[in-house]
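Notes for the structure review
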Amino acid sequence: MASKDWQHPYVNIFKHVRVEDGKRSAKEGDVSTYTDKTLRCPVFRIKGPVPANSYILIPKNSNKSLGLTGRFFYLLFRPTPAKYFVVHLDVAAEEGQVIRISFSNMFKEFKSTATWLQFPFLYGAAKDSVYDNTSKSARHGLVGPAPTSVRWTCLMLDLQCILSAYLSRGYSHLKSIKLCANMAVKNMFTSDLLLDPGVSFSEAKLLGLASSRGTGPMPRDMSFPLPKGGSWHDIYDYIKFPSEGTKLPFDSIQKVNPQPETICSSNHRSPVREVSQSRCVDLSKPVQDRLSLIQQITTPKLLPRNHTPTITNIPELGVVSTHQEDWLCCDDGRRQASTVSSSRQSPFDTDDGGVHVYVHPEDDFGKHDDESEEEILITPIPRPVSLSSSKETKQRKLLPDPMLRLSRIIGFGGATTKYALWTKSGDEVVYPCHAIIVSMNISSNQQRFFIGHTDKVSALAFNGNTTLLASAQTGNNSVVRLWNYHKGNCLTMCRIHAHSLSCLSFSHGGGILCGVGKDSHNKTMVVVWNTLNVSKGGEVTILAKAHTEVDIHTMKVAFFDDTRMVSCGRDNIRLWRVRNGTLRSCPVNLGEYHSLDFTDVAFEEGTSFNQNLDDRALFASSRSGHIFEIDYSRVVIRNVRRLLPAQQQHAEHREKWTFNTGPGIAINSISVSSSFCATGSEDGFLRLWPLDFSAVFLEAEHEGPVSVVLVSSDSLQVLAATSTGNLGVLDVKSRGYNTLMRSHTDTVLGFSVDGIHRHLTTASSDGTVRIWNMDSLHQLYDFMSEDSPCSVAFHPSEQIFSCGFSSGVIRVFDISSAKLLAEHTQHRGEVVGLTFSPDGEYMYSADSRGSLAYYNSSEEEYNVMKVSCNVVARGTDRAPDALTVSSDSRCLAFVGPSEYVVTIADARSLDELLHVDVSILDVESPRLDSALKVCFSPASSQHLLVTTSANKILWVSTKTGRLLRQVSKVHKHQCSSLAVSEDSRFLLTAGHNAVKVWDYKMQFDINSQMFIGHSQPIRQVSFTPDQMGVISVGDAIFVWDFLADPVDSLTDRCSPPKRSSTSALKLDAEVSEALLSNGMPRQTAPLPSSPPPRLDNSTTNQVDQGASGSLSFCDDTMTIPAIPVRDTSPRPSSDPRPAVPFLKVTDLLSKSPLNTSHIETVESQRKKPVRPDCYRHFIPRFKTSSADQAIVAPQPQEEGINLKAVIGYNGNGRDNMVWSPDQGLFAYSCGCVVVVEYLHTGSQRHLQGHSEEISCLAVTNDAQTVASAAGGSNGGKSLICIWDIQNGSCRKTISHHKGEVQSLTFSRDDRLFLSVGDFSDPEVALWSTKNFQLLCSVSMSAPIHAAAFSPSAAAQMACVGSHGAYFCLIHTQGLESNLKVQKVRAPEEVGEVELTSLCYHMDSFLFTGTNRGHVCVWDVNTQSCFMTWEADEGEIGVLLCRGNRLLTGSNTRWLRLWEVEAAQGMKPRDKGCNGRESGMVVMLEREMMLDGTTVSAAFDNSMDMGIVGTTAGTLWYINWSDNSSIRLVSGHKTKVNDVVFSSDESHFATCSEDGSVRVWLTSSYELVVQFQVLNQACGCVCWSPSSREDRACVAAGYSDGTLRIFRLASTEMEMKLQPHQVAVTAIQYSARGHVILSAGKNGLVAVSSPINGATVRVIRDHKGATVTTIQCVNQQCKSFGLEGSETWLAAGADRRVSVWAADWLKDKCDLLDWLSFPAPAYTEGDTVPPSMAAFCPADHSLLVYTGYGVEKELSFYSLAKKQIVKKISLPHWATCISLSPKSHLVAVGSKERVLKLIETTSGRFQDFMQHSDSLQTCHFSPTGTLAFSVAYNEILLWEVRGL
């Protein structure tokens, strides 16, 4: 519907659909009308013995929708006494999913799924009746059939709140309503108003209730008649759900007894925020109800959600309520608020916008009497809650949300193992794992999940292009779900079969879906659905269905005709067809084979869709080993073949399989392609046959029966699955087999993790113990035993694990040696607990008969130290983790000797230290409470957590046994497992099928998050040792990402207020923060995508927190001293030195090394403060490289290469771009270079003087001087360079700040210059620009983010930082100057924020931005904030103001332009003026989304045009007049892996870790085209040899093993190849372009055809060592005695180089030479220098090699002489080399940031250090006139002159 205005104020539903005539509604069963005596009007009566058989359905057609958008649904009805009734509401969520909300007095308890909510309806009772007296003493209302005194009821359901609270979904509209017997119904209506049926129109007018306030009286045609003098609530019932009383449960619908209350409230009348002085008023019941609803459920406002953001009223600050309530103590012990007299109200109050509501203790927000999956029971503290701010009413909850993200699942099958599917591309396979559908990439093993089924998935099907996925679940609630495969969302659900839905098949076009299951009479039912429009949002309808007695095992839709199907089963093969809405079938005449059991059918693939039916062939397999070939058109058998066991002629020789007579082998699955047939059989073999089935040409043996085989669409791969849970892929061409997944075949009982080797061991009911690699999901070991394993435990530091069995035996295994270390038989019952002490000294075990033992695990024999009997509670309920050891290895805890007692014992002697009886802790409980699980808190051994049978968690002191805290209603079912994070901030629990994450201290309103996915009860859950993940086991192994922030980043994300609204029992000892068990803190986990993106500041992990009590983050890398700053201004040299330096050249085999001095590195020991939680603060990119302190810089004008251009912009800087539109100056930084670019010509000038990454820039107002700042050398002070723009010289260098420089700025008159240090040294320094002498400096108490001078007052300036705003006044007396600083906190209205940006407006206003998206406006004269508004959802890092226009840039990527003329109108001129009286607003003029976070901006005086820099490395030209944006400068954000020239040098290509390949123009450095591959890194790139522009191609290798070829002429990907299964490390076209050579990380070199993509050959000589270099050249090989016109080489990381002679047209490739270079053990660092080789351009028989070896050198090897003929010593290990084709020049890059240019004949060299990090690649152009060098993302283009 285009508009919903017609639905306001309400919609009479019966009138809207004309329910009387039945055209748009349906009435089934006994539905009649009668005149009710109480209401005195006709009503509908629905009655019948079975409620589902008598009903009113609106609308009549299920394909239609009511489309009612009203938030509140009102039902006027009366349940029939002594009967049951049911009401169903189908509601559409914003995501498009339809959710059913049902309530009935038949329901005994609340139930919920992802698509269905069922609420019990509990009755109220008539006043003073016997039921009334009974219900007062009962805990809940009346359950069951309606009582005789049941009254007419007005039921109001808040549909928006119900979807939000129970399913976290947004409400869209009401779709349909079904009222089932037994009840009487007057009417129904929907509305956005919260109406009170007990208030008449006259009373509402007196009370001021109106629809504009979101409330009002009941419409007259919907109201109940009221006798004169009567009370509405005495005659009728009014039920609101969710209710406002927290004493009432949220999982049932029942009456709230109205009690007169007087509270203070706030009415939100409009989207515009309003503030006035507060006042308290007596409110009517409807308003109280509305306020209570907001308090208890924190629902959204009653106003439209999507209001325009362009107009915002600014609240005035400092307005608070002064009214206080008097608390009276009543007889029942509860507190109530006394009535506020009207005499207490201020005569100046004109609005209730600032009213406070005092919450009763029993009405605490976080308290539920009934079981809740969202809340816990905590004792509340009475306190006032202000409703004047919308943000203050929100409940505080555990963040981030969600805390867990399902990452990987180890498992396959569940209900079936016969379904596994290929995607059309052949990159991914789709298979079921119990209730979850998994899509796995076969090369990277990455998984994504389709979650929604509530029972095990029993069938899967794809349409032809694999865009639609159908899935079915087993059990009694058999449903079919249709998914958009690429998006992963469920499109619709179908429910028709009663149970056992076992087969699905899609038509090729996706328009038909066929399913086979059972009906209610257990007969086979075949259903055909029309799914043609499902992807467009259409409905799924049934085309035909049939009931049959025929057994159907498999059914498939013919790919050539959507109306034809074929099925097979026991004793039959049938052909089906849909015609005229009916489904008919005919059997195939099987003759003598009529009694066979058929298992699968397959059509002959690869034929044309237009082929006649006469040519169609159908294949069927059977359990007897027969394969039938059937003529589809004639329905007769063409051929019958049989699979027989091989005849053994010799003991170790097996003949090829043939089809003869004899006993057959059962064939479970068959798949036919255009060239071969694949079969999977019961003997575990996958076999590939030619279509004539003459003999097997390929087979693969599996560990169990093959249950399904499927050939990929390109016929190159075959997918196979076994009934034992294995899934694998056979590559037909290479004949290689890749196992994708192994899994347990029964319930996983327990697990343990080896954090050091990242191994996971599991024990299962299938009788196996398996060890998995947690990163690859591959199974490493499999231990099988006749005895059933039941618990496992890894040794904390060694590759040893122990396993307990059901017989009581305990075995200890050494994985490294694969031997059994010990076997103990002391136990007689099943082992229920097995664990090691954290120090690894002892091992403990317990059995089901009560025995406890411990062992000395420091000895290899694991000798038994002690065995105690009858100390552990008997039974197996507490397995597999019945024992827990404290983190200090001193205490052992367990449940025993009885189930009611928890025992804490000495871990070294098993002497009992303490008994805690949990049965007496809750004296009010009617039954004894027993203990289930125990767990120590890792960070404090004084806390023991106990879960009980009453569904509680108890915190018990291990010293005194005193109860410290308890949490109730933990799960719906009993808690089966418990774990605490090692920093004791989070708690994990498992109950039935759900995992919950809790805040350990329970300090929020909502302290937990629940996660589902398991289809069976969870047996164990725990954190991984690195605290980055969570593992839960049961039906399968689930690995979750744990997304919690580290301790130091929680300040702004989830920190609770200083005073909590709830209180708990205080703990005996505070939980201290601690390091993890492996000595390292938990690193930052990946954050969810919902919050605004934050910058990746990798150096955050290196900041020490000092004594703050937080975790200390460290890194293994050393702090490397940087190179000293060089002054590049021309000056005479005072030091006598040679004009040209030389490297030592050694001819032949001379071994004289070049001795270089060793430069020691010093690690800074100084503790640094914590980095602020805002992106605005600059953090340099972390580097492991060190600068060479002894480089030889070339003399001016004698450089062998000149810097020609810098490609890119440093998006990691802050305010590192300046633009002066009047003077035409445009400058920015990239690495350690300042680039001055002339926009009209595109030429560049480079200011070089820094050696570290530049943080910020500043320009004078006359644009004659630019200042740049960067980190200092060797850990020294930062360097600020002052540049003269006219001649490009450095006028002055100054150093003052110990850390990085955060901000630079010049005063308006350019006489003063300000610099600000970063968080490590927050000092503000003021300089004179005359001679740049320091005038004064002030150290701040907190980090400063930005600073600015006043544009009008020269002596005024301001700064903003973590603690607020700083207003500074400069006092000058003679030659002395000082700063007077006044600090002002951020206004309370914006909360605890950091001020991150600022700018001045006009004369006396200051705008500041916050890290939460607010803009605050300050009066500079009074230093007070008088305006705030929320300008963004994320942090505002850039503010610019020109006139009355304000620009905001944030980390949400939004750039917004505001009209802020309201600032002048809002400024308070006297004490009586406030923002509301002014009536001014700010307006959003324009907004634009860029490609990253805004870090710099510069605009003209009118704010019409400007330049903006983002973290993506892009500088944008912005034109607000036409709302356009143009890229001025583009760069890579992440590491650049390769850069290469085209053969004609007109273009060059770059590739990066972000998966992008970019092509640039060499002449203008402009980006021509970008090819982006998501979620993959591009490691290498090369150009095709063709010089023709229309044939030019770029080939790139990616981390998933693929090659992609891009054609420049069409700007499209021409071909995708997959020659590798691992990351591609090198790629090169052959010299003439016939083939592409590529190398993988595993050392395999693939030769591929660029024409058809086929892999021509695979060279395995370098297998096991990463190939770093491939080069191809034209060279006749006859002189070497081999055929070939090309020579190519490959260099491996193992220091081996292979040289090959090739003639690709003749398919010849022969090894020419093999070089090995010796090397000692590498001890200098973490990364071994790469091995590199290249042909000499002048002589291809000579190659150059460098790599790690005995010496740092370049080696020249002659292929003709077979020896090294020359060596050139190097001062550093080379990281990249390139040989110039023009002259004897070699460019060598190093980790020391030096690009060394060497003349190979003489050894002359020059050093260039314009990079701020280690060089990773360098390349000469084909002509040798240009060269590239790359360090991280800094790309420098050089012009080569020569030496």
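Remember, it's a predicted structure, so these values are computed and weren't measured experimentally. (Residues numbered from 1 in each chain as written. Predicted model: local features only at pLDDT ≥ 70, side-chain atom pairs only at ≥ 80, totals over all residues. Heavy atoms only, no water.)

All right, on to the overall build of the protein chain then. Tallying secondary structure elements over the protein chain gives 8 helices and 136 strands in all. Looking at the 1843 residues of the protein chain, the share that counts as buried comes to 58%. Surface exposure of the protein chain reaches about 74,200 Å², of which carbon and sulfur atoms provide 48%. (Helix = DSSP H or I, 4+ residues; strand = E, 2+ residues; numbered from the N terminus. Buried < 20%, exposed > 50% of the residue type's maximum accessible area, 1.4 Å probe, protein only. Areas by Shrake-Rupley, 256 points an atom, 1.4 Å probe, with all protein chains shown as cover.)

Attention shifts here to the packing of aromatic side chains. Summed over all chains, the structure comprises 60 aromatic pairs. Measuring from ring centre to ring centre gives 6.1 Å for W689 and F693, while their planes differ by 45 degrees; the resulting arrangement is tilted. Across the pair, F693 and W689 agree in class, each one buried. Grouped by ring-pair contacts, the aromatic residues Y781, F783, F794, F801 and F813 constitute a single cluster. One residue, K178, lies across the ring of Y55, its end atom 4.3 Å from the ring centre. (Phe/Tyr/Trp six-rings, centres within 6.5 Å; stacked < 30°, edge-to-face > 60°. Lys NZ or Arg CZ within 6 Å of the ring centre and 35° of its normal.)

Before going further, it helps to spend a moment on the pattern of salt bridges. According to the stated counting rule, one finds 44 salt bridges in the structure shown. With a closest N to O distance of 2.6 Å, R687 and D683 form a salt bridge. A salt bridge links R1176 to D1215, with the shortest nitrogen-to-oxygen separation between them at 2.5 Å. Of this pair, R1176 sits in the loop between β80 (1145-1147) and β81 (1201-1207) while D1215 sits in the loop between β81 and β82 (1217-1220), placing them 39 residues apart in sequence. Judged by relative accessible area, D1215 falls into the partly exposed class, the value being 26%. One network of salt bridges, in which partners are shared, links E629, D631, R634, R638 and R641. (Salt bridge = Lys/Arg side-chain N within 4 Å of Asp/Glu carboxyl O.)

A separate point is the environment of H521. Position of H521 among the secondary structure elements: in the loop between β32 (512-518) and β33 (524-530). For H521, a relative accessible area of 66% puts it in the exposed group. Between the C-alpha atoms of H521 and H547, which are 26 residues apart in sequence, the distance is 10.0 Å.

So, on to the side chain of D1310. Note on placement: D1310 falls in the loop between β90 (1301-1306) and β91 (1312-1317). Lacking a salt bridge, the buried D1310 has R1308 as its closest oppositely charged neighbour, with an N-O distance of 6.2 Å. Separated by 3.5 Å, the side chain of D1310 and the backbone nitrogen of D1262 make a polar contact. Leaving out residues up to four positions away in the same chain, D1310 has contacts with T1260, N1261, D1262 and T1329. (Lys, Arg positive; Asp, Glu negative; His and termini not counted. Polar contact = N/O pair within 3.5 Å; in protein donor to acceptor, adjacent residues only side chain to side chain. Contact = heavy atoms within 4.5 Å.)

Here we take up the sheet that holds strand β12 (residues 171-180). The 7 strands are arranged β2-β5-β12-β7-β8-β10-β9 in an open sheet whose pairing can be described as mixed. On the outer flanks of this sheet lie β2 (26-28) and β9 (111-112), each paired with one strand and no other. In terms of strand pairing, β9 meets strand β10 (residues 116-120) through 2 bridges, oriented antiparallel. Looking at β10, one finds that S112 is bridged to L117. (Pairing = 2+ DSSP bridges.)

Our focus in this paragraph is the nonpolar core. Counting residues in each nonpolar core, the largest one holds 51 residues, and the members touching the most others are I409, V429, Y431, L727, L760, V997 and F1042. In this structure, F73, V150, L155 and L159 belong to the second largest nonpolar core, which totals 48 residues. (Core = buried A, V, L, I, M, F, W, Y, C linked by side-chain atoms within 4.5 Å.)

A separate point is the sheet that holds strand β73 (residues 975-980). The antiparallel open sheet is built from 4 strands, whose spatial order is β73-β74-β75-β76. Edge positions in the sheet fall to β73 and β76 (1008-1011), since each of these pairs with one other strand and no more. If you compare each strand with its neighbour and ignore which way they point, the axes differ by 20 degrees on average. Inspection of the sheet shows strand β75 (residues 994-999) paired to β76 by 4 bridges, in the antiparallel sense. Its bridge partner lying in β76, K996 is registered against M1010. (Axes fitted to C-alpha atoms, helices over the stretch in contact; angles between N-to-C directions.)

What follows deals with the environment of F241. You can see F241 is positioned in strand β16 (residues 237-241). Of the residues examined, F241 reaches a relative accessible area of 2% and is grouped as buried.

If a residue is not glycine, its phi is most likely negative; likewise, a peptide bond is most likely trans. With omega at -5 degrees, the peptide bond leading from L399 into P400 counts as cis. Between G896 and the following residue, P897, the backbone shows a cis peptide bond with an omega angle of 5 degrees. Relative to the helices and strands, P897 is located in the loop between β66 (891-895) and β67 (901-906). Positive phi outside glycine occurs at D1215, with the angle close to 55 degrees.

Of all 9 residues in helix α3 (residues 159-167), 7 are buried; the element is thus mostly enclosed. Among all positions in α3, only L159, Q160, C161, I162, L163, Y166 and L167 are buried. The opening residue of α3 is D158, an N-cap whose side-chain oxygen sits 3.4 Å from the backbone nitrogen of Q160. Positioned one or two residues after α3, S168 has a phi angle of 55 degrees, which is positive.

Here we come to the pairing of strand β48 (residues 698-701). The alternating pattern of β48 places L698 and A700 on a buried face, while none of E699 and E701, on the opposite face, is buried. Relative to β48, strand β47 (residues 685-690) runs antiparallel, the two sharing 4 bridges. Bridge assignment links R687 to a residue of β48, and that residue is E699.

Next up on the list: the environment of L1837. Mapped onto the secondary structure, L1837 falls in strand β136 (residues 1834-1840). For L1837, a relative accessible area of 0% gives the class buried. For L1837 and K1204, which are 633 residues apart along the polypeptide, the C-alpha to C-alpha distance reads 5.5 Å. Sequence-distant contacts of L1837, defined by excluding residues within four places in its chain, comprise N1202, L1203, K1204, A1205, F1541, Y1565, L1826, A1827 and F1828.

So, on to the pairing of β90. Within β90, 6 of the 6 residues are buried, leaving the element largely enclosed by the surrounding structure. Direction of pairing for β90 relative to β91: antiparallel, over a ladder of 5 bridges. Across the sheet, L1304 pairs through a bridge with S1315, a residue of β91. Taking the residues that link successive antiparallel strands as the turn, the β90-β91 hairpin has 5 residues, and the phi of D1310 there is positive, at about 60 degrees.

What follows concerns the side chain of T958. Within the fold, T958 resides in the loop between β71 (953-957) and β72 (963-967). A relative accessible area of 12% means that T958 is categorised as buried. Leave out the neighbours within four places in its chain, and T958 touches I904, L914, F936, S941, Q942, H943 and L944.

Moving on: the confidence of the model for the protein chain. Interpretation of this model should avoid reading the predicted coordinates in detail wherever pLDDT is low. Looking at the protein chain, the pLDDT average stands at 80 and 81% of residues meet or exceed 70. Across residues 1048-1140 the pLDDT falls below 50, and counting only partners more than four positions away or on other chains, this stretch makes 216 contacts in the model. Contacts from residues 1148-1167, a stretch scored under 50 in pLDDT, to residues over four places away or in other chains number 28 contacts. (pLDDT = per-residue confidence, 0-100.)

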